[in-house]
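Working through the structure, step by step
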Amino acid sequence: MTATDPWIRRYFPSPDAPVQLVCLPHAGGSASFFRPVAQALNPGVEVLAVQYPGRQDRHREPMIDTIGGLADQVCRAVTGAVDRPFALFGHSMGAILAFEVAVRLERAGRFAERVFVSGRRAPSCHRDEQVHRRDDAGIVAELRGLSGTDQQVFGHEELMRLVLPAVRNDYRAAETYVCATDHRLRSPVTALSGDDDPKASQDEVRAWSAHTRGAFETERYPGGHFFLVDHAPDVIRLIRERLTQPAAAPR
């Protein structure tokens, strides 16, 4: 695929960067969430931010409401876009999507230098959550509680009408997801979490260790579900350190 692939955003192209980082947004999120990350890591790491259908410039396209279906499409796009050593980073819904994309890539013989999973319990830890079945007010209450959305957005009725369908779609994908594979990644996994995240307990985060045969580590930060926003410099520093001296994935 070319740089015009609708799935991939290169906000700061770095053709000479030795490694690429594929970033996968949270539920209701878009590629632009990772623009500051791309700027901060440039030029040593080239960030490829994934844009899901049904939002921003892809708002007219049909959304995909299963993690498996989304992973298939993202894997296709990543396979065409990645042309050097690469890593994956996903937050919340993006974390399980990163795992499923990594599984598909490994089956095709392509191995990530590292998989960063942020703000999400391990695929093997199931919760019976039904946020996607709530009315609009219920979903808005969920978003307010997670503190990941600019509070001004909630007072903008037209904008909320545009945003809520994507949020509901993605919550449906994440909440109906069942890990259907016993595949253990060969890539090392770094699990990041907030110490007050209602969506991922520390035990559930540590359970990611069962999903890799590579090295595993956890990094814990003060804060809730969107701890990575408040601690962006620290998270970016960690990413840079791990990717400039990546642990070799077992082959």
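The notes below deal with the structure included here.

The rules we used
Residues numbered from 1 in each chain as written. Predicted model: local features only at pLDDT ≥ 70, side-chain atom pairs only at ≥ 80, totals over all residues. Heavy atoms only, no water. Helix = DSSP H or I, 4+ residues; strand = E, 2+ residues; numbered from the N terminus. Rg over C-alpha atoms; globule rule 2.2 N^0.38 Å. Buried < 20%, exposed > 50% of the residue type's maximum accessible area, 1.4 Å probe, protein only. Contact = heavy atoms within 4.5 Å. Lys, Arg positive; Asp, Glu negative; His and termini not counted. Charge placed at Lys NZ, Arg CZ, Asp CG, Glu CD. Expected span 1.5 Å × (residues − 1). Core = buried A, V, L, I, M, F, W, Y, C linked by side-chain atoms within 4.5 Å. Disulfide = S-S within 2.5 Å. Pairing = 2+ DSSP bridges. Axes fitted to C-alpha atoms, helices over the stretch in contact; angles between N-to-C directions. Right-handed = clockwise from strand over helix to strand, strands pointing away.

The next point concerns the overall build of the protein. When helices and strands are counted, the protein shows eight helices and seven strands. Computed over C-alpha atoms, the radius of gyration of the protein comes to 17 Å, within 12% of the 18 Å expected from 2.2 N^0.38 for 251 residues, which places it in the range of a compact globule. Expressed as lengths along the three principal axes of its C-alpha atoms, the size of the protein is roughly 50 × 40 × 35 Å. When burial is assessed residue by residue, the protein has 55% of its 251 residues classed as buried. Long-range contacts, defined here as pairs at least 24 residues apart, represent 83% of the contacts in the protein between residues at least 6 apart. If the 31 positive side-chain charges of the protein are averaged to one point and the 32 negative ones to another, these points end up 4 Å apart.

Attention shifts here to helix α3 (residues 93-107). With 15 residues, α3 extends 22 Å between its outermost C-alpha atoms, agreeing within 8% with the 21 Å of an ideal straight helix rising 1.5 Å per residue. In the segment just after α3, Gly109 is the residue with positive phi, at about 90°.

Membership of the largest hydrophobic core comes to 78 residues, with the highest contact counts inside it found for Leu21, Val74, Phe89, Leu97 and Val115. Here this core takes 10 residues from α3, the largest share from any one element. Filtering out sequence-adjacent residues up to four positions away, Phe89 remains in contact with Leu21, Val22, Cys23, Leu24, Phe34, Phe116, Ser118, Leu228, Val235 and Ile239.

With that settled, the discussion passes to the state of the cysteines. Here the structure, examined in full by the defined rule, presents zero disulfides. Cys179 provides the cysteine sulfur closest to Cys125, a residue in no disulfide bond, and the two sulfurs are 10 Å apart.

With that settled, consider unusual backbone geometry. Along the chain, Asn42 connects to Pro43 via a cis peptide bond; the corresponding omega equals 5°. The residue Pro43 is located in the loop between α1 (35-41) and β3 (45-50) in this model. You will see that Gln56, though not glycine, has its phi angle at about 50°, which is positive. Structurally, the position occupied by Gln56 is in the loop between β3 and α2 (67-81).

Taking strand neighbours across the sheet as the criterion, the seven strands line up as β1-β3-β2-β4-β5-β6-β7 in an open arrangement whose pairing is mixed. If you trace the sheet from one side to the other, it starts and ends with β1 (8-9) and β7 (216-221), each paired once. As judged from the two bridges shared by β1 and β3, these two strands associate in the antiparallel manner. Within β3, the residue paired with Ile8 across the bridge is Val50. Along the sheet face, α2 touches β1, β2 (19-24) and β3 and points at about 160° away from the line of β2. Sitting on the sheet, α3 is in contact with β2, β4 (86-91) and β5 (115-118), with an inclination near 150° to β4.

Counting buried positions along β2 gives six out of six residues, so the element sits mostly inside the fold. Sheet analysis places β2 next to β3, joined by five bridges and oriented parallel. Each residue of the ladder has a partner; that of Gln20, found in β3, is Glu46. Read from β2 through α1 to β3, the crossover connection turns out right-handed. Strand direction decides the pairing type here: β2 and β4, joined by five bridges, are parallel. Counterpart to Leu24 in the pairing with β4 is Gly90.

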